[in-house]
Amino acid sequence: MREVQLIKQFEERINNGESIEPKDWMPEKYRKQLIRMMSQHAHSEIVGMLPEGNWITRAPNLRRKLALLAKVQDEAGHGLYIYSATETLGVDRSDLIEQLLTGKAKYSSIFNYPTLSWADIGVIGWLVDGAAIVNQTMLAKGSFGPYSRAMIRICKEENFHKKQGFEIVATLAKGTPEQKEMVQDAVNRWWWPSLMMFGPHDSDSPNSEDLMKWKVKLNSNDELRQRFVDLTIPQAKAVGLTVPDPDLKYNEETGHWEFGEINWEEFWNVVKGNGLMNKDRLRARNKAHEEGAWVREAARAYAEKRETAN
Ligand code: FAQ
(Lines give C-alpha, C1' and ligand atoms only; values in the text may rest on other atoms or scores of the structure.)
Protein backbone atom coordinates (compact mmCIF):
# COMPACT_ATOMS: atom_id res chain seq x y z
CA MET A 1 0.00 0.00 0.00
CA ARG A 2 1.22 3.48 -0.74
CA GLU A 3 2.47 5.64 2.15
CA VAL A 4 -0.23 8.30 1.57
CA GLN A 5 -2.94 5.67 1.93
CA LEU A 6 -1.34 4.21 5.02
CA ILE A 7 -1.21 7.64 6.62
CA LYS A 8 -4.86 8.23 5.74
CA GLN A 9 -5.91 4.96 7.35
CA PHE A 10 -3.73 5.65 10.37
CA GLU A 11 -5.27 9.08 10.88
CA GLU A 12 -8.76 7.68 10.44
CA ARG A 13 -8.11 5.16 13.17
CA ILE A 14 -6.91 7.93 15.47
CA ASN A 15 -9.90 10.11 14.68
CA ASN A 16 -12.20 7.17 15.45
CA GLY A 17 -10.65 6.98 18.91
CA GLU A 18 -8.84 3.67 18.29
CA SER A 19 -5.61 3.15 20.13
CA ILE A 20 -2.41 2.55 18.18
CA GLU A 21 -0.44 -0.49 19.32
CA PRO A 22 3.31 -1.12 18.87
CA LYS A 23 2.99 -3.56 15.97
CA ASP A 24 0.53 -1.39 14.03
CA TRP A 25 1.74 0.65 11.09
CA MET A 26 2.60 4.20 12.10
CA PRO A 27 4.30 7.14 10.38
CA GLU A 28 7.99 7.38 11.22
CA LYS A 29 7.40 10.88 12.58
CA TYR A 30 4.75 9.61 15.02
CA ARG A 31 7.21 6.98 16.29
CA LYS A 32 9.98 9.57 16.61
CA GLN A 33 7.78 12.06 18.42
CA LEU A 34 6.66 9.40 20.87
CA ILE A 35 10.21 8.20 21.54
CA ARG A 36 11.28 11.80 22.16
CA MET A 37 8.44 12.69 24.48
CA MET A 38 8.15 9.38 26.32
CA SER A 39 11.88 9.06 26.95
CA GLN A 40 12.00 12.63 28.29
CA HIS A 41 9.07 11.76 30.50
CA ALA A 42 10.75 8.57 31.79
CA HIS A 43 13.95 10.52 32.52
CA SER A 44 11.91 13.14 34.39
CA GLU A 45 10.43 10.52 36.70
CA ILE A 46 13.89 9.13 37.45
CA VAL A 47 15.62 12.49 37.95
CA GLY A 48 12.51 13.62 39.85
CA MET A 49 13.40 11.20 42.63
CA LEU A 50 16.48 13.24 43.52
CA PRO A 51 15.09 16.50 44.99
CA GLU A 52 12.73 14.59 47.29
CA GLY A 53 15.08 11.67 47.93
CA ASN A 54 17.38 14.17 49.63
CA TRP A 55 14.75 14.64 52.35
CA ILE A 56 13.99 11.01 53.24
CA THR A 57 16.48 10.98 56.12
CA ARG A 58 15.30 14.41 57.29
CA ALA A 59 11.51 13.88 57.30
CA PRO A 60 10.12 15.21 60.60
CA ASN A 61 8.51 11.96 61.79
CA LEU A 62 8.07 8.30 60.89
CA ARG A 63 4.70 8.78 59.17
CA ARG A 64 6.09 11.46 56.87
CA LYS A 65 9.22 9.39 56.23
CA LEU A 66 7.19 6.33 55.21
CA ALA A 67 4.97 8.35 52.88
CA LEU A 68 7.94 10.07 51.25
CA LEU A 69 9.84 6.81 50.86
CA ALA A 70 6.80 5.26 49.15
CA LYS A 71 6.36 8.30 46.91
CA VAL A 72 9.97 8.34 45.75
CA GLN A 73 9.75 4.60 45.10
CA ASP A 74 6.56 5.15 43.05
CA GLU A 75 8.42 7.68 40.88
CA ALA A 76 11.07 5.04 40.12
CA GLY A 77 8.26 2.68 39.10
CA HIS A 78 6.78 5.35 36.82
CA GLY A 79 10.13 5.79 35.13
CA LEU A 80 10.37 2.05 34.57
CA TYR A 81 6.85 1.69 33.11
CA ILE A 82 7.54 4.54 30.71
CA TYR A 83 10.94 3.18 29.66
CA SER A 84 9.20 -0.16 28.98
CA ALA A 85 6.46 1.55 26.99
CA THR A 86 9.12 3.45 24.99
CA GLU A 87 10.96 0.21 24.21
CA THR A 88 7.84 -1.07 22.41
CA LEU A 89 8.70 1.54 19.74
CA GLY A 90 11.94 -0.26 18.89
CA VAL A 91 14.50 1.56 21.01
CA ASP A 92 16.76 0.17 23.66
CA ARG A 93 16.47 1.39 27.23
CA SER A 94 20.23 1.38 27.72
CA ASP A 95 20.62 3.82 24.80
CA LEU A 96 18.01 6.13 26.33
CA ILE A 97 19.71 6.00 29.71
CA GLU A 98 23.05 6.70 28.06
CA GLN A 99 21.53 9.86 26.53
CA LEU A 100 20.36 10.96 29.98
CA LEU A 101 23.68 10.26 31.69
CA THR A 102 25.70 12.10 29.07
CA GLY A 103 23.45 15.16 29.26
CA LYS A 104 22.12 14.77 25.69
CA ALA A 105 18.53 14.06 26.74
CA LYS A 106 16.08 16.56 28.14
CA TYR A 107 14.04 16.00 31.29
CA SER A 108 11.56 18.27 33.06
CA SER A 109 12.93 21.70 33.99
CA ILE A 110 11.25 21.48 37.40
CA PHE A 111 13.79 19.05 38.80
CA ASN A 112 16.63 21.51 38.39
CA TYR A 113 15.57 23.62 41.38
CA PRO A 114 16.90 22.95 44.89
CA THR A 115 14.82 21.66 47.82
CA LEU A 116 15.80 24.03 50.61
CA SER A 117 13.37 23.15 53.41
CA TRP A 118 10.95 20.46 54.50
CA ALA A 119 8.11 22.66 53.22
CA ASP A 120 9.49 22.18 49.70
CA ILE A 121 8.55 18.51 49.94
CA GLY A 122 4.93 19.42 50.68
CA VAL A 123 4.89 22.02 47.93
CA ILE A 124 6.39 19.60 45.37
CA GLY A 125 3.66 17.05 46.13
CA TRP A 126 0.97 19.71 45.88
CA LEU A 127 2.18 21.78 42.91
CA VAL A 128 4.56 19.54 40.94
CA ASP A 129 2.52 16.36 41.24
CA GLY A 130 -0.60 18.51 40.83
CA ALA A 131 0.74 19.85 37.52
CA ALA A 132 1.80 16.35 36.47
CA ILE A 133 -1.75 15.08 37.12
CA VAL A 134 -3.31 17.81 34.97
CA ASN A 135 -0.89 16.95 32.14
CA GLN A 136 -1.06 13.18 32.51
CA THR A 137 -4.84 12.87 32.88
CA MET A 138 -4.90 14.26 29.36
CA LEU A 139 -2.09 11.94 28.19
CA ALA A 140 -4.04 8.95 29.57
CA LYS A 141 -6.57 9.53 26.76
CA GLY A 142 -3.86 9.73 24.10
CA SER A 143 -3.60 7.62 20.97
CA PHE A 144 -0.62 5.36 21.72
CA GLY A 145 -1.84 2.39 23.79
CA PRO A 146 1.25 1.55 25.90
CA TYR A 147 1.76 5.21 26.88
CA SER A 148 -1.85 6.03 27.65
CA ARG A 149 -2.30 2.83 29.69
CA ALA A 150 0.84 3.60 31.71
CA MET A 151 -0.62 7.05 32.42
CA ILE A 152 -3.78 5.63 33.99
CA ARG A 153 -1.88 3.81 36.69
CA ILE A 154 0.59 6.64 37.13
CA CYS A 155 -2.19 9.20 37.64
CA LYS A 156 -3.76 7.05 40.36
CA GLU A 157 -0.47 7.05 42.23
CA GLU A 158 0.14 10.75 41.57
CA ASN A 159 -3.17 11.50 43.26
CA PHE A 160 -1.82 10.02 46.50
CA HIS A 161 1.35 12.04 46.04
CA LYS A 162 -0.57 15.24 45.65
CA LYS A 163 -2.66 14.49 48.75
CA GLN A 164 0.39 13.80 50.91
CA GLY A 165 1.94 17.04 49.65
CA PHE A 166 -1.15 19.12 50.27
CA GLU A 167 -1.51 17.64 53.75
CA ILE A 168 2.05 18.73 54.60
CA VAL A 169 1.32 22.19 53.20
CA ALA A 170 -1.98 22.53 55.10
CA THR A 171 -0.35 21.38 58.35
CA LEU A 172 2.49 23.89 58.04
CA ALA A 173 0.12 26.67 56.95
CA LYS A 174 -1.82 26.36 60.20
CA GLY A 175 1.29 25.79 62.33
CA THR A 176 3.59 28.27 64.06
CA PRO A 177 4.35 31.61 62.37
CA GLU A 178 7.77 30.17 61.40
CA GLN A 179 6.15 27.14 59.77
CA LYS A 180 3.72 29.32 57.88
CA GLU A 181 6.56 31.52 56.71
CA MET A 182 8.54 28.47 55.60
CA VAL A 183 5.68 27.08 53.53
CA GLN A 184 4.88 30.46 51.97
CA ASP A 185 8.55 30.80 51.02
CA ALA A 186 8.42 27.36 49.37
CA VAL A 187 5.32 28.35 47.37
CA ASN A 188 7.05 31.57 46.32
CA ARG A 189 9.98 29.60 44.93
CA TRP A 190 8.04 26.71 43.28
CA TRP A 191 5.05 28.54 41.79
CA TRP A 192 6.62 29.84 38.57
CA PRO A 193 8.75 26.74 37.89
CA SER A 194 5.54 24.67 38.24
CA LEU A 195 3.85 26.76 35.55
CA MET A 196 6.91 26.24 33.35
CA MET A 197 6.42 22.47 33.50
CA PHE A 198 3.67 22.80 30.88
CA GLY A 199 6.23 23.94 28.30
CA PRO A 200 6.51 27.06 26.14
CA HIS A 201 3.53 29.09 24.91
CA ASP A 202 1.59 27.30 22.16
CA SER A 203 2.98 29.78 19.65
CA ASP A 204 6.54 28.69 20.60
CA SER A 205 5.85 24.96 20.81
CA PRO A 206 7.20 23.28 17.65
CA ASN A 207 6.07 19.77 18.61
CA SER A 208 2.45 20.57 19.44
CA GLU A 209 1.18 20.51 15.89
CA ASP A 210 2.14 16.86 15.25
CA LEU A 211 1.28 15.73 18.75
CA MET A 212 -2.17 17.28 18.68
CA LYS A 213 -2.94 16.15 15.13
CA TRP A 214 -2.13 12.58 16.18
CA LYS A 215 -3.91 12.95 19.53
CA VAL A 216 -0.90 12.20 21.69
CA LYS A 217 -1.66 15.54 23.33
CA LEU A 218 -5.36 16.39 23.46
CA ASN A 219 -4.83 19.85 24.94
CA SER A 220 -2.19 22.46 24.31
CA ASN A 221 0.50 23.61 26.74
CA ASP A 222 -1.33 26.89 27.46
CA GLU A 223 -4.71 25.21 27.93
CA LEU A 224 -3.29 22.82 30.53
CA ARG A 225 -1.37 25.58 32.29
CA GLN A 226 -4.61 27.56 32.60
CA ARG A 227 -6.45 24.49 33.92
CA PHE A 228 -3.74 24.03 36.55
CA VAL A 229 -3.92 27.67 37.69
CA ASP A 230 -7.74 27.54 37.88
CA LEU A 231 -7.59 24.40 40.01
CA THR A 232 -4.76 25.50 42.27
CA ILE A 233 -5.61 29.08 43.25
CA PRO A 234 -8.72 28.04 45.25
CA GLN A 235 -6.57 25.40 47.00
CA ALA A 236 -3.99 28.04 47.96
CA LYS A 237 -6.77 30.25 49.30
CA ALA A 238 -8.22 27.35 51.30
CA VAL A 239 -5.00 27.11 53.31
CA GLY A 240 -4.36 30.85 53.50
CA LEU A 241 -1.36 30.95 51.13
CA THR A 242 -0.72 33.28 48.21
CA VAL A 243 1.12 32.86 44.93
CA PRO A 244 3.87 35.34 43.96
CA ASP A 245 2.07 36.96 41.06
CA PRO A 246 0.96 40.62 41.33
CA ASP A 247 -0.97 40.27 38.05
CA LEU A 248 -3.14 37.40 39.21
CA LYS A 249 -6.85 38.23 38.97
CA TYR A 250 -10.11 36.41 38.50
CA ASN A 251 -12.01 37.18 35.33
CA GLU A 252 -15.74 36.89 36.12
CA GLU A 253 -16.67 36.72 32.45
CA THR A 254 -14.36 33.90 31.41
CA GLY A 255 -14.38 32.12 34.77
CA HIS A 256 -10.59 31.86 34.62
CA TRP A 257 -7.71 33.18 36.72
CA GLU A 258 -5.55 35.47 34.63
CA PHE A 259 -1.87 35.36 35.51
CA GLY A 260 1.34 37.26 34.74
CA GLU A 261 4.00 36.46 32.18
CA ILE A 262 6.37 33.58 32.80
CA ASN A 263 10.10 34.33 32.78
CA TRP A 264 10.90 32.48 29.56
CA GLU A 265 14.54 33.40 29.71
CA GLU A 266 14.82 31.47 32.96
CA PHE A 267 12.86 28.56 31.47
CA TRP A 268 15.12 28.17 28.41
CA ASN A 269 18.19 28.62 30.53
CA VAL A 270 17.14 25.68 32.71
CA VAL A 271 16.11 23.58 29.68
CA LYS A 272 19.54 24.17 28.14
CA GLY A 273 21.28 22.78 31.20
CA ASN A 274 22.14 25.98 33.07
CA GLY A 275 19.65 25.82 35.94
CA LEU A 276 20.67 25.86 39.60
CA MET A 277 20.83 22.08 39.92
CA ASN A 278 21.29 20.65 36.40
CA LYS A 279 24.93 19.65 36.95
CA ASP A 280 24.23 18.29 40.40
CA ARG A 281 21.34 16.14 39.17
CA LEU A 282 23.40 14.61 36.38
CA ARG A 283 26.29 13.97 38.73
CA ALA A 284 23.96 12.22 41.19
CA ARG A 285 22.37 10.10 38.43
CA ASN A 286 25.78 9.07 37.10
CA LYS A 287 26.97 8.15 40.58
CA ALA A 288 23.84 6.05 41.21
CA HIS A 289 24.27 4.37 37.83
CA GLU A 290 27.89 3.46 38.56
CA GLU A 291 27.07 2.22 42.04
CA GLY A 292 24.27 0.08 40.61
CA ALA A 293 26.51 -1.63 38.06
CA TRP A 294 26.83 -4.77 40.21
CA VAL A 295 23.03 -5.13 40.33
CA ARG A 296 22.80 -5.03 36.54
CA GLU A 297 25.65 -7.53 36.26
CA ALA A 298 24.02 -9.88 38.77
CA ALA A 299 20.65 -9.63 36.97
CA ARG A 300 22.33 -10.40 33.64
CA ALA A 301 24.21 -13.38 35.08
CA TYR A 302 21.00 -14.69 36.64
CA ALA A 303 19.08 -14.34 33.36
CA GLU A 304 21.85 -16.16 31.46
CA LYS A 305 21.91 -18.94 34.04
CA ARG A 306 18.17 -19.45 33.73
CA GLU A 307 18.42 -19.50 29.95
CA THR A 308 21.10 -22.21 29.94
CA ALA A 309 19.15 -24.23 32.51
CA ASN A 310 16.10 -24.38 30.18
N1 FAQ B 1 11.25 21.02 30.76
O2 FAQ B 1 7.31 21.78 21.49
P3 FAQ B 1 7.23 21.73 22.99
C4 FAQ B 1 6.46 14.53 36.95
C5 FAQ B 1 11.15 21.20 25.65
S6 FAQ B 1 6.74 14.12 35.35
C7 FAQ B 1 12.22 20.67 29.88
O8 FAQ B 1 6.07 22.40 23.63
P9 FAQ B 1 6.12 19.18 23.70
C10 FAQ B 1 6.15 13.44 37.93
C11 FAQ B 1 10.54 20.12 24.79
O12 FAQ B 1 11.00 18.84 25.19
C13 FAQ B 1 7.17 15.65 34.55
N14 FAQ B 1 12.04 20.75 28.54
O15 FAQ B 1 7.32 20.19 23.44
C16 FAQ B 1 6.93 13.65 39.17
C17 FAQ B 1 10.98 20.54 23.41
O18 FAQ B 1 12.33 20.15 23.17
P19 FAQ B 1 12.75 19.05 22.05
C20 FAQ B 1 7.47 15.40 33.16
C21 FAQ B 1 10.84 21.19 28.11
O22 FAQ B 1 6.72 17.83 23.82
C23 FAQ B 1 6.51 14.53 40.15
C24 FAQ B 1 10.99 22.06 23.51
O25 FAQ B 1 11.07 22.38 24.89
N26 FAQ B 1 6.25 15.21 32.42
O27 FAQ B 1 6.52 15.65 37.18
C28 FAQ B 1 9.80 21.54 28.97
O29 FAQ B 1 5.04 19.39 22.70
C30 FAQ B 1 7.27 14.71 41.31
C31 FAQ B 1 9.76 22.68 22.88
O32 FAQ B 1 8.57 22.31 23.63
C33 FAQ B 1 6.26 14.86 31.13
O34 FAQ B 1 7.30 14.68 30.53
C35 FAQ B 1 10.04 21.45 30.35
N36 FAQ B 1 9.13 21.79 31.27
O37 FAQ B 1 5.51 19.64 25.11
C38 FAQ B 1 8.10 12.94 39.33
C39 FAQ B 1 4.92 14.69 30.48
N40 FAQ B 1 8.73 21.93 28.24
O41 FAQ B 1 12.36 17.70 22.59
C42 FAQ B 1 8.86 13.11 40.51
C43 FAQ B 1 5.02 14.32 29.04
C44 FAQ B 1 9.11 21.83 26.95
O45 FAQ B 1 11.97 19.38 20.78
C46 FAQ B 1 8.42 13.99 41.51
N47 FAQ B 1 5.47 15.42 28.22
N48 FAQ B 1 10.37 21.39 26.87
O49 FAQ B 1 14.22 19.19 21.93
C50 FAQ B 1 4.66 16.40 27.76
O51 FAQ B 1 3.48 16.48 28.07
C52 FAQ B 1 5.26 17.36 26.78
O53 FAQ B 1 6.43 16.79 26.25
C54 FAQ B 1 5.58 18.77 27.38
C55 FAQ B 1 6.29 19.61 26.30
C56 FAQ B 1 4.30 19.47 27.79
C57 FAQ B 1 6.53 18.66 28.57
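Residues numbered from 1 in each chain as written. Predicted model: local features only at pLDDT ≥ 70, side-chain atom pairs only at ≥ 80, totals over all residues. Heavy atoms only, no water.

## A word on the site of the ligand
Near the ligand you find 38 residues, and of these Arg36, Gln40, Lys106, Ser205 and Lys217 are the closest. A distance of 2.5 Å is found between an oxygen atom of the ligand and a side-chain nitrogen or oxygen belonging to Lys106. Here a nitrogen atom of the ligand and a backbone polar atom of Met196 are 3.3 Å apart. The protein chains hide 91% of the 1100 Å² of surface that the ligand would expose on its own. Split by residue class, the shell around the ligand holds 16 nonpolar, 13 polar and nine charged. (Near = heavy atom within 4 Å. Polar contact = N/O pair within 3.5 Å; in protein donor to acceptor, adjacent residues only side chain to side chain. Areas by Shrake-Rupley, 256 points an atom, 1.4 Å probe, with all protein chains shown as cover. Nonpolar A, V, L, I, M, F, W, Y, C, P; charged D, E, K, R; others polar.)

## Topic: the packing of aromatic side chains
All chains considered together, the criterion is met by 13 aromatic pairs. An angle of 75° between the planes, with centres 4.9 Å apart, marks the rings of Phe10 and Tyr30 as edge-to-face. Here Phe10 is found in helix H1 (residues 3-15), whereas its partner Tyr30 is found in helix H2 (residues 28-47), with 20 residues between them in sequence. Each member of the pair, Phe10 as well as Tyr30, carries the same accessibility label: buried. When the centroid spacing of 5.4 Å and the interplanar angle of 90° are considered together, the rings of Trp264 and Phe267 count as edge-to-face. Of this pair, Trp264 and Phe267 both sit in helix H11 (residues 264-274), three residues apart, roughly one helical turn. Neither residue differs from the other here; Trp264 and Phe267 are each classed as buried. (Phe/Tyr/Trp six-rings, centres within 6.5 Å; stacked < 30°, edge-to-face > 60°. Helix = DSSP H or I, 4+ residues; strand = E, 2+ residues; numbered from the N terminus. Buried < 20%, exposed > 50% of the residue type's maximum accessible area, 1.4 Å probe, protein only.)

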